[in-house]
Amino acid sequence: MQIILKGYSQSQQNIPHFIRSTISGTVLDIPLKEGASVTERNNYNEGSTIANIADLQTLFFKAKVSESDVAYLKKGMTFEIGISALKNKKLKATLSHITPKAIEENGIMKFEIEAKVENHPDTQLYPGFSAVAEIILDKRDSVITIKERNLIFKKDSIYVELLGRNDEKGKRLVKTGLSDGIRIEITEGLSLTNRVKVQSN
């Protein structure tokens, strides 16, 4: 009778009735209103969400990467992300997860990635901030580069047009290296004293 009327027996009245969170953190949302029914999680029901709690000291950057770029990513690599809401302030992140299966999005196969963002004592981050990742896959220092549009392709060979002292033209066979899509590294065939003709295409 006591359980039916009060929900607990006389011997249980001193036992507090509360739900304890499994983690320490900040309450982000309470989706249920007072008086709403609550279902316990079991094998047939995922249960009711009473509150969404997050540890704001452990935040992750999530993004989608196209299949042409995901091959260059490795777990454990670090990169910088720019936080839009903080005037693109740069923070370091470490890649922790790459989904094994791609998802088609607008005709492009993309993989979801996650990276743990390093805490910064002077920066307060919040869940939902948008950010842009800058991942350097490879780099060169102190090398000769030219604009990629000044290359001349002929069969399996690559040339540039050089200008002599009297602006006479001559072709020079070159070998190329790393490119960022605009400028390209020249590994053989050019020196700092050479003048390369700008192509009009």
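What comes next concerns the included structure. Keep in mind that this is a model prediction, so the values were computed, not measured.

Conventions and cut-offs
Residues numbered from 1 in each chain as written. Predicted model: local features only at pLDDT ≥ 70, side-chain atom pairs only at ≥ 80, totals over all residues. Heavy atoms only, no water. Helix = DSSP H or I, 4+ residues; strand = E, 2+ residues; numbered from the N terminus. Rg over C-alpha atoms; globule rule 2.2 N^0.38 Å. Contact = heavy atoms within 4.5 Å. Areas by Shrake-Rupley, 256 points an atom, 1.4 Å probe, with all protein chains shown as cover. Lys, Arg positive; Asp, Glu negative; His and termini not counted. Charge placed at Lys NZ, Arg CZ, Asp CG, Glu CD. Buried < 20%, exposed > 50% of the residue type's maximum accessible area, 1.4 Å probe, protein only. Patch = residues over 30% accessible without salt bridge, like charges linked within 9 Å, V, L, I, M, F, W, Y side chains within 5 Å. Salt bridge = Lys/Arg side-chain N within 4 Å of Asp/Glu carboxyl O. Pairing = 2+ DSSP bridges. Axes fitted to C-alpha atoms, helices over the stretch in contact; angles between N-to-C directions. Core = buried A, V, L, I, M, F, W, Y, C linked by side-chain atoms within 4.5 Å.

**Some thoughts on the overall build of the protein**
A count of helical and extended segments in the protein gives two helices and 14 strands. Taken against the 2.2 N^0.38 rule, which gives 17 Å for 201 residues, the C-alpha radius of gyration of the protein at 30 Å runs more than 25% over that of a compact globule. Sequence separation of at least 24 residues holds for 53% of the intrachain contacts in the protein that already meet a minimum separation of 6. Carbon and sulfur atoms provide 49% of the accessible area of the protein, an area that totals close to 15,800 Å². One finds the centroid of the 29 positive side-chain charges in the protein at a distance of 4 Å from the centroid of its 25 negative side-chain charges.

**Considering the environment of serine 96**
The topology assignment puts serine 96 in strand β5 (residues 89-98). You can call serine 96 partly exposed: its relative accessible area is 34%. Measuring from C-alpha to C-alpha, the distance between serine 96 and isoleucine 113 comes to 7.8 Å, with 17 residues separating the pair along the chain. Leave out the neighbours within four places in its chain, and serine 96 touches Phe60, Lys75, Glu114, Ala115 and Lys116.

**Section: a nonpolar patch on the surface**
There is a patch of nonpolar side chains on the surface, built from Ile19, Val38 and Ile50 and spanning about 280 Å² of accessible area. Turning to its location among the elements, isoleucine 50 is positioned in the loop between β1 (26-29) and β2 (52-54).

**Some details on the pairing of strand β11 (residues 157-163)**
Successive residues of a regular strand alternate their side chains across the two faces of the sheet. For strand β10 (residues 152-154) and β11, the ladder comprises three bridges, and the chain directions are antiparallel. Bridge pairing links isoleucine 152 to tyrosine 159 in β11. Taking the residues that link successive antiparallel strands as the turn, the β10-β11 hairpin has two residues, and the phi of lysine 155 there is positive, at about 55°. Looking at chain direction, β11 and strand β12 (residues 169-173) are connected through five bridges and run antiparallel. Counterpart to glutamate 161 in the pairing with β12 is lysine 171. The hairpin formed by β11 and β12 contains five residues between the paired strands, and aspartate 167 there has a positive phi angle of roughly 65°.

**Brief notes about the sheet that holds strand β13 (residues 175-179)**
Spatial ordering of the open sheet is given by β9-β14-β13, a layout of three strands whose pairing is antiparallel. The open sheet is flanked by β9 (145-147) and β13, the only strands paired with a single partner. Sheet twist, expressed as the average angle between the axes of neighbouring strands with direction ignored, equals 40°. The pairing of β13 with strand β14 (residues 183-188) spans three bridges and is classified as antiparallel. Its bridge partner lying in β14, serine 179 is registered against isoleucine 184.

**Here we look at the sheet that holds β10**
Ordered by their spatial adjacency, three strands build an open sheet running β10-β11-β12, and the pairing between neighbours is antiparallel. Both edges of this open sheet fall to β10 and β12, since each of them pairs with a single strand only. The sheet shows a mean angle of 40° between the axes of neighbouring strands, taken without regard to direction.

**Things to note about the pattern of salt bridges**
Summed over all chains, the structure comprises eight salt bridges. One salt bridge in this structure joins arginine 195 and aspartate 167, with 2.8 Å as the shortest N-O distance. A residue pair is termed long-range when its members are at least 10 positions apart, and arginine 195 in the segment after β14 and aspartate 167 in the loop between β11 and β12 qualify at 28 residues. On the basis of relative accessibility, which here comes to 41%, the residue arginine 195 falls in the partly exposed class. Its relative accessible area of 47% is what places aspartate 167 among the partly exposed residues. One network of salt bridges, in which partners are shared, links Lys64, Glu105 and Lys110.

**Some words on the nonpolar core**
For soluble globular proteins, nonpolar side chains are generally found buried alongside one another. Among the nonpolar cores identified, the biggest contains 21 residues, and Leu73, Phe79, Ile81 and Leu95 are the most heavily contacted of them. With nine residues, the next largest nonpolar core counts Leu151, Val160, Ile184 and Leu190 among its residues.

Shape is all these values report; function is a separate question.
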